[in-house]
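Geometric and topological summary
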Amino acid sequence: METLFALHQAWRHAVPYENLDIQLGRPIGLDAEALFDKLVRRRRGGYCYEQNAGLAMLLRLAGFQVTMVEAAVTRATRGEAMWGNHNALLVDLGGRGWLADAGIGDGFVQPLPMREGPHIQGSLTYRLERLDPDTWRFHHHPGGTIASYDFRLRPREIGDFAAHSREMSTSPASAYVTTLMAARPSADHTLVLLSRTLRRLGADASTPHTIADVDEFARTLSTDFLVPLDDLGPDGIAHLWHKTGTQDDLWRTRVRNTT
């Protein structure tokens, strides 16, 4: 159990949750070679499908029995169409099941035992609920970036999520396309970057901070989110900085129009 916890926690701290390739218009590869190249050789991060496929590879190499499963973020409020918009991992350890997941930016740092009820990590409380014999619901801590996601126990392969990934990484309606995202947990909080706004979520929350200029933007990605800037290309930072300005303008316009 100690090894499982150590690997999961190390992954969450070292591999940033980010969608920078999507923002740069690059295709997302989910095959083993593409994931190893991006996450290991180039020391980048990724979003849910990449994160959990990579974590599954690591845990299997360490000898764990890992099952990838289909999940549905916000199914509780938005219904059955949400199935497949997320994936998660189930780890069997001596007959005892654990939920592993690196694909929620401000999600849990250590695996959760597959047991109904509250699960406390530091000052944060998560909860698992069994909806039926084949379906569970993960409840995030209050103030998390999502309220919950559901997951089924039937085994899936990463290839089963390829169509979902293409849609979520290319559709103009996808939040991953419209908003730059990065997240990295630390102790009892998670740093979250949305476009040019930096937030600290969790028990040690803070007032949102708007990044002032491109130099601060580059430092934030490199220092706080461990993104190797060279991998973004010679014009990558400039392109992302310009794009996030447009995103912030659109967000402020939406807020003004709804108040």
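Our subject in this report is the structure included herewith. (Residues numbered from 1 in each chain as written. Predicted model: local features only at pLDDT ≥ 70, side-chain atom pairs only at ≥ 80, totals over all residues. Heavy atoms only, no water.)

Section: the overall build of the chain
Scanning the chain for helices and strands turns up nine helices and 13 strands. Along the longest, intermediate and shortest principal axes, the C-alpha atoms of the chain span 50 × 45 × 35 Å. For the chain, the proportion of its 259 residues judged to be buried stands at 49%. Of all intrachain contacts in the chain linking residues separated by at least 6 positions in sequence, the fraction that spans at least 24 positions is 54%. Surface summary for the chain: the accessible area is close to 12200 Å², and the carbon and sulfur share equals 54%. Both charge centroids of the chain, one from 28 positive and one from 31 negative side chains, sit 3 Å from each other. (Helix = DSSP H or I, 4+ residues; strand = E, 2+ residues; numbered from the N terminus. Buried < 20%, exposed > 50% of the residue type's maximum accessible area, 1.4 Å probe, protein only. Contact = heavy atoms within 4.5 Å. Areas by Shrake-Rupley, 256 points an atom, 1.4 Å probe, with all protein chains shown as cover. Lys, Arg positive; Asp, Glu negative; His and termini not counted. Charge placed at Lys NZ, Arg CZ, Asp CG, Glu CD.)

Focus on the side chain of Asp-231
Mapped onto the secondary structure, Asp-231 falls in the loop between helix 8 (214–224) and helix 9 (236–257). The class for Asp-231 is buried, based on a relative accessible area of 18%. Engagement of the side chain of Asp-231 in a polar contact is seen with the side chain of Arg-44, the distance being 2.8 Å. Here Asp-231 is in contact with Arg-26, Arg-42 and Arg-44, once residues within four sequence places are set aside. (Polar contact = N/O pair within 3.5 Å; in protein donor to acceptor, adjacent residues only side chain to side chain.)

Brief notes about the environment of Leu-180
Structurally, Leu-180 is set in the loop between helix 7 (175–178) and strand 10 (181–186). Sequence separation between Leu-180 and Arg-200 is 20 residues, and the spatial gap between their C-alpha atoms is 16 Å. Leave out the neighbours within four places in its chain, and Leu-180 touches Asn-19, Leu-20, Gln-23, Leu-193, Leu-194, Ser-195, Phe-217, Leu-240, Thr-244 and Gln-247.

Details of the environment of Leu-30
One can find Leu-30 in the loop between helix 2 (20–23) and helix 3 (32–41). C-alpha separation for the pair Leu-30 and Thr-178, spaced 148 residues apart in sequence, amounts to 21 Å. Ignoring sequence-local partners within four residues, the contact set of Leu-30 consists of Leu-35, Tyr-49, Glu-50, Ile-158, Phe-161, Ala-162 and Ser-165.

Things to note about the sheet that holds strand 7 (residues 124–132)
The strand order across the open sheet formed by eight strands is 5-4-3-2-9-8-7-6, and the pairing between neighbours is antiparallel. Two strands lie at the open edges of the sheet, namely strand 5 (112–113) and strand 6 (117–121), each paired on one side alone. Sheet strands touched by helix 4 (residues 48–61): strand 2 (65–73) and strand 3 (86–93). Its angle to strand 3, the strand with the most contacts, is close to 20 degrees. (Pairing = 2+ DSSP bridges. Axes fitted to C-alpha atoms, helices over the stretch in contact; angles between N-to-C directions.)

Considering the nonpolar core
Judged by nonpolar contacts, the single largest core of 33 residues is most densely connected at Tyr-47, Tyr-49 and Val-91. If you list the elements that add at least two residues to this core, you get helix 1 (2–14), helix 3, helix 4, strand 2, strand 3, strand 4 (96–100) and strand 10. Among the elements that take part in this core, helix 4 stands out by supplying six residues, more than any other. With near-sequence residues (within four places) excluded, Tyr-47 lies in contact with Tyr-17, Glu-18, Ile-22, Ile-28, Ser-165, Met-168, Ser-169 and Tyr-176. Counting residues in each nonpolar core, the second largest holds 17 residues, with Leu-99, Ile-104, Phe-108 and Leu-124 among its members. (Core = buried A, V, L, I, M, F, W, Y, C linked by side-chain atoms within 4.5 Å.)

A word on the packing of aromatic side chains
One pass over the full model with this rule turns up 10 aromatic pairs. Residues Tyr-126 and Phe-138 carry aromatic rings whose centres are separated by 5.9 Å and whose planes lie at 25 degrees to one another, so their mutual orientation is stacked. One end of the pair, Tyr-126, is in strand 7; the other, Phe-138, is in strand 8 (residues 135–139), with 12 residues separating them in the sequence. Using a relative accessible area of 3% as the deciding quantity, one classes Tyr-126 as buried. Judged by its relative accessible area of 1%, Phe-138 falls in the buried class. Here a set of aromatic residues connected by ring pairs shows up, and it is made of Phe-108, Tyr-126, Phe-138, Tyr-149 and Phe-151. When the ring centre of Trp-83 is taken as origin, the NZ or CZ atom of Arg-152, which lies over that ring, is 3.7 Å away. The ring of Trp-241 has Arg-196 sitting right over it, with the charged end atom 3.4 Å from the ring centre. (Phe/Tyr/Trp six-rings, centres within 6.5 Å; stacked < 30°, edge-to-face > 60°. Lys NZ or Arg CZ within 6 Å of the ring centre and 35° of its normal.)

Here we look at helix 6 (residues 162–170)
Within the sequence span of helix 6, burial applies to Ser-165, Met-168 and Ser-169. End-on view of helix 6: buried residues confined to an arc of 95 degrees, all on one side of the axis. Counted as exposed and oriented over 90 degrees from the buried face of helix 6: Arg-166 and Thr-170. Structurally, helix 6 contributes buried residues whose contacts are with helix 2, helix 4 and helix 7. (Arc of directions from axis to C-beta.)

Shape descriptors only; they carry no functional weight alone.
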